[in-house]
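Now for the letters of each chain:
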Amino acid sequence: MSDVTTLEILGSTALITVDNPPVNAASAAVRQGLVNRIDEANSNDAVDVIAIIGAGRTFTAGADIREFGKTPVEPMLTEVCSHIEASAKPVIAVLHGTTLGGGLEIALGCHARIGVPTVQLGFPEVSLGIIPGAGGTQRAPRLSGMGAAAEYIASGRRLSSDEALAKGLLDAIADGEPRAIALDQAERVRQGDLATRRVGELDASLDPDAITAARAAVAKRAPLLVAPQRCIDAVADSTLELSAGLARERELFAECMATDQHKGLVHAFFAERAVQKIPEASETPRPIESLGVVGGGTMGSGIATSALFAGLPVTLVEMNADGLDRARTAIAGNLAGAVKRGKLSQDKHDAILASALTFSTDLADLAESDLVIEAVFEDMDVKKDIFAKLDTLCKPTALLASNTSYLDINVIAACTNRPTQVLGLHFFSPAHIMRLLEVVVGDQTAPDVVATGFALGKRLRKVAVRAGVCDGFIGNRILGHFRKVADYMMLDGAHYSQIDAALEDFGFAMGPFAVSDLAGLDIGWATRKRLAATKPAAERDVGVSDRICENGWFGRKTQRGFYDYRSGKKAANPDVDAILEAERQAAGITPAAFENSDIVDRYMTAMIAEATRVIEDGIALRPVDVDTVFLFGYGFPRQRGGPLHYADTLGAAALVARMERWAEEDAHYWQVPALLRKMAADGSTFADLNRA
Ligand code: 3H9
């Protein structure tokens, strides 16, 4: 008998406990254990009520995701739920923690559900590219109604105990320890105070209007995703008899399991967790209880806001009173926005402004900060000067970090007498919203300082990824390479609006030209100027963006860039066509037509090529680190798993063949990385490198 489930007979209550740390995932052993324990309890004459609880932090967080893609092991979860439902003796479930997916389905197989006030319930299956596959799509609508069930299943969102009670998923809310609640509620069942019933025997009422509305909402929110629509298909069939509905659910579940979207989303789930496994993971992070921020521009204000959300007091230093005013306004706006979105309570907002935030124009006011993050503009001389000053002013134990997006952390560290305490903490704009944090490790950064960067990331609810030093670290280095191919395709004949549309159809939230307009074309312009001296002679010139900038058009902030925003809507900027035409003529190019698939292939292959070089150079620890950077910092479509997971779906041999073909046009740009060539030869994959 497996020990991931236990059975205790306590008076006339049979208490089944699922104990499969860390999240009581419904692994094969748990599934078999539940069936056996229900049978044992039913055959014990002393028992009249059965209760199921979870040990540790949660009831169960669902199916064991690690079993996906492997040969299924009986009993299947859907059979377990039906087995519980068929129990002759009433079965109740006490839910705590995050009762998700298959965990909630087990609970729905029970005859009554009691939640603790803090429990969160939900069906996150869509975030893994599948639908609930153990009766969730059939039982939930019988309790909540079709419209409500379709909404919460297709969105994957979590419900509070109050909402779950209102929507019929819970029968009662009770405070206390699950074990005590279970015994108490079993007694209520016995006394007739808590009704029990088989959910599968209830009728679901047809609500075609709600289904149509749910479909329309999903088509708008996630037009490219398969699973949310399949969730609605399954819910729409919940008026069938339960066995037929479960069969329909199985069919749709199997369809989703076979998609690349499911594989990409599961990869993304584990990627976010895999990046925490760094060589420094066993080091004890240094305590960080106060933060100094130098620079109150968009980045500095965003970093300060992010720290304030996490309860860290912040001292922000700007050069003068005007700068401080701008920072004060930006942070106040960020905090007010968070209150408006329901992310921050008014009380917490007021407390932050009253005591957690200090402004100064004097770097000496950072003397007692545990960590100082510099977020001034990208000028090495300015940064060197600031770090030298911080080194003399800050207490000896303080860590010093730069938020630089490109510059050499080793050079910055060398301006101080504490290079082991210097690191890069590269946030992404807007820093209080974007989840990615590159922790940039210099040659001398101490291991526990790296661990501190990761601990800070966790505290700020960021996804921290370890990066080595090079121009642009992981993300911006790769971006710097593949962004060029969009320009090349534009010059060679694809309209920038076609390129944007093709990549948006692939799944990017925005195409590269729309992104450039949003970020500000002046930023790319400054980078090109900075790198002009080192630009290889063989590299193609595309002057279109420079010409646009020369007109003073920097994108959204000036109402014009590649697109024209003056009418309030985004429209192609007609003047750019003339610039494009002139640039093509100057380069002697006759524009050629591009298929959308060709655009995607070139763009993605360029991204994969540079990502491979980032792995070769040891800038990223593993392919999965690159994937995570792109998922959390660059709007990469999550259902594609990340550039290197996507690369595996194509195969290294196909990628090398493409690059060799395109190298006939531009041998400088389409250089095949040695690692990719090796992978093509031996048939290995990026997934193999992740496992290694
Ligand atoms: C499903 O149920 C399908 C059914 O409808 C039908 C089936 C037929 N399985 O996130 P954490 C691991 S689909 C395996 O850091 P937190 C996780 O990888 C499933 N492993 O903790 C990590 O391992 P490691 C529907 C899992 O407190 C460790 O547990 N359910 C699973 O920040 C700790 O996780 C979901 O999609 C799992 N289900 O967050 C829920 N869950 O230490 C997915 C976690 O080696 N899980 N692990 O890196 C979550 O959303 C979060 O983990 C949770 C806890 C909120 C539960």
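The rules behind the values
- Residues numbered from 1 in each chain as written.
- Predicted model: local features only at pLDDT ≥ 70, side-chain atom pairs only at ≥ 80, totals over all residues.
- Heavy atoms only, no water.
- Near = heavy atom within 4 Å.
- Polar contact = N/O pair within 3.5 Å; in protein donor to acceptor, adjacent residues only side chain to side chain.
- Areas by Shrake-Rupley, 256 points an atom, 1.4 Å probe, with all protein chains shown as cover.
- Helix = DSSP H or I, 4+ residues; strand = E, 2+ residues; numbered from the N terminus.
- Nonpolar A, V, L, I, M, F, W, Y, C, P; charged D, E, K, R; others polar.
- Salt bridge = Lys/Arg side-chain N within 4 Å of Asp/Glu carboxyl O.
- Domains from an automatic or database assignment.
- Buried < 20%, exposed > 50% of the residue type's maximum accessible area, 1.4 Å probe, protein only.
- Contact = heavy atoms within 4.5 Å.
- Pairing = 2+ DSSP bridges.
- Axes fitted to C-alpha atoms, helices over the stretch in contact; angles between N-to-C directions.
- Parallel < 35°, antiparallel > 145°, perpendicular 65-115°, else oblique.
- Left-handed = near helix turned anticlockwise from the far one by under 90°.
- Arc of directions from axis to C-beta.

Neighbouring the ligand are 27 residues, the closest being R57, A61, E105, E125 and R273. A distance of 2.8 Å is found between a nitrogen atom of the ligand and a backbone nitrogen or oxygen belonging to A61. One of the backbone nitrogen or oxygen atoms of A63 is found 2.8 Å away from an oxygen atom of the ligand. Here the ligand has 1,000 Å² of accessible area as a free molecule, and 76% of this is covered by the chains. Listed by contribution, the elements that provide at least two residues to the shell around the ligand are strand 5 (98-100), helix 3 (102-109) and helix 11 (260-274). If you tally residues by element for the shell around the ligand, the top one is helix 11, at three residues. Classifying every residue of the shell around the ligand gives 14 nonpolar, five polar and eight charged.

Taken as a whole and judged by the stated rule, the model has 48 salt bridges. E8 serves as the salt-bridge partner of R179, at 2.7 Å between the closest nitrogen and oxygen. Of this pair, R179 sits in helix 7 (residues 178-191) while E8 sits in strand 1 (residues 5-10), placing them 171 residues apart in sequence. Bridged by salt links that share partners, the residues E151, R157, E163 and K167 form one connected network.

Another aspect to go through is the domain arrangement of the chain. Along its sequence, the chain is organised into domain 1 (5-258), domain 2 (291-473) and domain 3 (476-691). Just the C-alpha atoms count here: the centres of domain 1 and domain 2 sit 43 Å apart.

With respect to the helices, strands and loops of the structure, H262 is situated in helix 11. Residue H262 is classed as buried on the basis of its relative accessible area of 4%. Those residues within four positions of H262 in sequence are excluded, and the remaining contacts are F68, L128, G129, I130, C256 and M257.

Right, let's talk about the sheet that holds strand 7 (residues 120-122) for a bit. In a beta sheet, neighbouring strands pair by backbone hydrogen bonds and run either parallel or antiparallel. As summarised here, the arrangement of the three strands in space is 5-7-8, forming an open sheet in which the pairing is mixed. Among the strands making up the open sheet, the edge pair consists of strand 5 and strand 8 (158-159). Bridge count for strand 5 against strand 7 is three bridges, and the pairing is parallel. The residue of strand 7 that forms the bridge with L100 is G122. Here helix 3 sits on the sheet in contact with strand 5 and strand 7, set at roughly 80 degrees to strand 5.

To continue, consider the sheet that holds strand 17 (residues 463-467). Spatially, 12-11-10-13-14-15-16-17 is the arrangement adopted by the eight strands of the open sheet, whose pairing is mixed. Each of the sheet's edge strands pairs with one partner strand only, and the pair in question is strand 12 (357-360) and strand 17. Sheet twist, expressed as the mean angle between neighbouring strand axes with direction ignored, is 25 degrees. Pairing between strand 10 (residues 291-294) and strand 13 (residues 371-374): four bridges, direction parallel. Its bridge partner being in strand 13, L291 is matched across the sheet by L371. Contacts from helix 14 (residues 346-356) reach strand 11 (314-317) and strand 12 within the one sheet, and its direction differs from that of strand 12 by about 40 degrees.

Take the packing of helix 1 (residues 28-42) against helix 2 (residues 77-85) next. Put simply, helix 1 and helix 2 touch, their axes get as near as 10 Å, and they point 15 degrees apart. By the criterion of interaxial angle, the relationship of helix 1 to helix 2 is roughly parallel. The handedness of the crossing between helix 1 and helix 2 comes out as left-handed. Between helix 1, through R31, L34, V35, I38 and D39, and helix 2, the contact on the second element is made entirely by L77, V80, H83 and I84. In terms of residue class, the contact of helix 1 with helix 2 is made up of six nonpolar, one polar and two charged.

All of the buried residues in helix 21 (residues 521-531) are L521, W525 and T527. End-on, the buried residues of helix 21 take up no more than an arc of 165 degrees, which puts them together on one face. Where the residues of helix 21 are buried, they touch helix 20 (512-519) and helix 22 (544-550).

You can see G468 is positioned in the loop between strand 17 and helix 18 (475-492). Placed 200 residues apart in sequence, G468 and H668 show a C-alpha to C-alpha distance of 25 Å. Among residues more than four places away in sequence, those in contact with G468 are V440, V441, F473 and I619.

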